[in-house]
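Read off the chains here:
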Amino acid sequence: MSRKFVAAVAQLGPIARTEPRSTAVARMMDLLREAADRGARLVVFPELALTSFFPRWPLEGAELDAWFETAMPNPEVQPLFDLSRDLGVAFHLGYAELTPEGRHFNTAILVEAGRIVGKYRKIHLPGHREVEDWRPFQHLEKRYFETGDLGFPVCDALDGKLGMCICNDRRWPETWRMLGLQGAELVALGYNTPLHYPPAPEHDHLQYFHNELSLQAGCYQNGLWALAAAKAGHEEGCDLIGGSLIVAPTGEIIARAATVGDEVITATVDLDRCQEIRRNIFDFAQHREPQAYGLITAPKTA
């Protein structure tokens, strides 16, 4: 049986602070229709896709919680679920999750046939906890979100094994190896990545390069596909990179976004191509030596 299908990444341009979720959902529905018209069976949307990237502002209490979703789907997002079901197109969506117990997570879900079949909560939280006035914008993810508590799950979908990660996770090789060890054949992820990095501005010119480097290395070293969706463009005074990508298990870039606005890119994904890597250089059963990797899971040091 062929496990070849068209997959899409739906990059989003900026979302204003005052833009309601319904507007963002309407934009995503337009992109979902465009992807379906191209024959896509899966569409990947960005991290925190329903709102502007709120960790750039100091927020407290109810003003902060207003950026989080207490149910998924909810009435504002239900139209996207319905359209996905009607078109027969699965999708990946990032959003801020507030649990019934009052816990806050940066979350992504995989939806197939109108039903949530996978959930991931971001583990590698970047940024800082306290407001730092010297910054041109804040990055308060460590203040607003808890470290994800679901591990790196892999789910059965689209006749294959699919995993997820979120933004900064993509920079960490442990993310990809945890997914690869579980047999993930495709990883969906979204990101909001500023073009300017205040702690090390000498790296600003490398932001697109580091995005591609992380994705290509993760795919090659684990023999899997990646679909990476950016929230891009000039959003509330902050420039976010575009560069949404589809990367093959060989590490080759198959499709790349050309703009920093709403844009769909597509490619034909063949999950069976994962074996090109997994039967050769990165044959884990033959060539991994986990007894020598103890430092990787040693406790953190200051």
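A brief structural summary.

Conventions used here
Residues numbered from 1 in each chain as written. Predicted model: local features only at pLDDT ≥ 70, side-chain atom pairs only at ≥ 80, totals over all residues. Heavy atoms only, no water. Pairing = 2+ DSSP bridges. Helix = DSSP H or I, 4+ residues; strand = E, 2+ residues; numbered from the N terminus. Axes fitted to C-alpha atoms, helices over the stretch in contact; angles between N-to-C directions. Buried < 20%, exposed > 50% of the residue type's maximum accessible area, 1.4 Å probe, protein only. Polar contact = N/O pair within 3.5 Å; in protein donor to acceptor, adjacent residues only side chain to side chain. Arc of directions from axis to C-beta. Contact = heavy atoms within 4.5 Å. Disulfide = S-S within 2.5 Å. Core = buried A, V, L, I, M, F, W, Y, C linked by side-chain atoms within 4.5 Å.

## Points about the sheet that holds strand S8 (residues 186-191)
Then, in step 1: Here six strands make up an open sheet; going across it, the order is S6-S7-S8-S9-S12-S13 and the pairing mixed. The two strands at the open ends of the sheet, each matched to only one other strand, are strand S6 (154-157) and strand S13 (253-256). When the angles between neighbouring strand axes are averaged without regard to direction, this sheet yields 20°.
Then, in step 2: Both strand S12 (residues 245-247) and S13 contribute to a ladder of three bridges, which runs antiparallel. In the strand pairing of S13, Leu245 is matched with Arg256.

## With respect to the side chain of His139
Then, in step 1: One can find His139 in the loop between strand S5 (115-121) and helix H4 (141-144).
Then, in step 2: By relative accessible area, which is 13% here, His139 ends up buried.
Then, in step 3: Among the polar contacts listed, one links the side chain of His139 to the side chain of Glu141, at a separation of 2.8 Å.

## Observations concerning helix H5 (residues 173-181)
Then, in step 1: Along H5, the residues classified as buried are Thr175, Trp176, Leu179 and Gly180. Around the axis of H5, the buried residues are gathered within 125° of arc, so they sit on the same side.
Then, in step 2: Where the residues of H5 are buried, they touch S6, strand S7 (160-166), S8, helix H6 (207-222), strand S9 (225-230) and helix H8 (284-287).
Then, in step 3: Directly beyond the C-terminal end of H5, a positive phi value near 85° is found at Gly183.

## Things to note about the state of the cysteines
Then, in step 1: Per the counting criterion, the structure on display carries zero disulfides.
Then, in step 2: Sulfur of Cys155: no disulfide; nearest cysteine sulfur belongs to Cys165 and is 13 Å away.

## Structural notes on helix H3 (residues 78-87)
In an α-helix, one turn spans 3.6 residues, which is why side chains three or four residues apart end up on the same side.
Then, in step 1: Taken residue by residue, H3 has Leu80, Phe81, Leu83 and Ser84 as its buried positions. Around the axis of H3, the buried residues are gathered within 165° of arc, so they sit on the same side.
Then, in step 2: Where H3 ends, the next residue or the one after it, Gly88, has phi of about 70°, a positive value.

## Looking at unusual backbone geometry
Excluding glycine, most residues fall at negative phi; most peptide bonds, likewise, are trans.
Then, in step 1: Looking along the chain, the bond that leaves Met72 and enters Pro73 is cis, with omega of 0°.
Then, in step 2: By the element assignment, Pro73 lies in the loop between helix H2 (61-65) and H3.
Then, in step 3: The backbone of Leu48 shows a phi angle near 45°, a positive value even though the residue is not glycine.
Then, in step 4: With respect to the helices, strands and loops of the structure, Leu48 is situated in the loop between strand S2 (40-44) and H2.
Then, in step 5: With phi around 50°, Glu236 is a residue other than glycine that occupies positive phi space.
Then, in step 6: One can find Glu236 in the loop between strand S10 (233-235) and strand S11 (238-240).

## Some thoughts on the sheet that holds strand S14 (residues 263-270)
Then, in step 1: In spatial order, the strands read S5-S4-S3-S2-S1-S14; together these six strands make up an open sheet with mixed pairing. Two strands in the sheet have a free side with no partner beyond their single neighbour: S5 and S14. Neighbour-to-neighbour, the strand axes of this sheet turn through a mean angle of 25°, independent of strand direction.
Then, in step 2: Summarising the sheet, strand S3 (residues 90-98) and strand S4 (residues 104-112) pair through eight bridges and their orientation is antiparallel. Each bridged residue has a counterpart across the sheet, and for Gly94 the counterpart in S4 is Ala108.
Then, in step 3: Contacts between H3 and the sheet are confined to S3, S4 and S5, with S3 contributing the most and set at about 160° to the helix.

## Here we look at the pairing of S14
Taken residue by residue, a regular strand's side chains alternate between the two faces of the sheet.
Then, in step 1: Burial of S14 is extensive: six of the eight residues sit out of reach of the surface.
Then, in step 2: Note that strand S1 (residues 4-11) and S14 share eight bridges and pair antiparallel. Residue pairing in the sheet places Lys4 in a bridge with Asp270 of S14.

## Regarding the pairing of S3
Then, in step 1: Across the nine residues of S3, nine count as buried, placing the element largely inside the fold.
Then, in step 2: Burial along S3 is two-sided: the face carrying Ala90, His92, Gly94, Ala96 and Leu98 and the face carrying Phe91, Leu93, Tyr95 and Glu97 are both buried.
Then, in step 3: Sheet analysis places S2 next to S3, joined by three bridges and oriented parallel. Bridge pairing in S3 places Val43 opposite Phe91.
Then, in step 4: In textbook terms, the turn of a hairpin is the stretch between consecutive antiparallel strands, and for S3 and S4 this stretch comprises five residues, one of which, Gly102, has a positive phi near 85°.

## As for the side chain of Ser214
Then, in step 1: Checked against the element boundaries, Ser214 lands in helix H6.
Then, in step 2: Apart from residues lying up to four places away in sequence, Ser214 is in contact with Arg170, Arg171 and Trp176.

## Points about the nonpolar core
Then, in step 1: Counting residues in hydrophobic clusters, the biggest one holds 48 residues, and the most contacted among them are Leu42 and Leu186.
Then, in step 2: Considering every element that reaches this core, the biggest residue donor is S9, with six residues.
Then, in step 3: If we skip the residues at most four places from it in the chain, Leu186 touches Phe5, Leu42, Lys161, Leu162, Gly163, Leu224, Trp225, Leu227, Val269 and Leu271.
Then, in step 4: Of all hydrophobic cores here, the second largest spans 28 residues; its members include Leu12, Met29, Val77 and Ile109.

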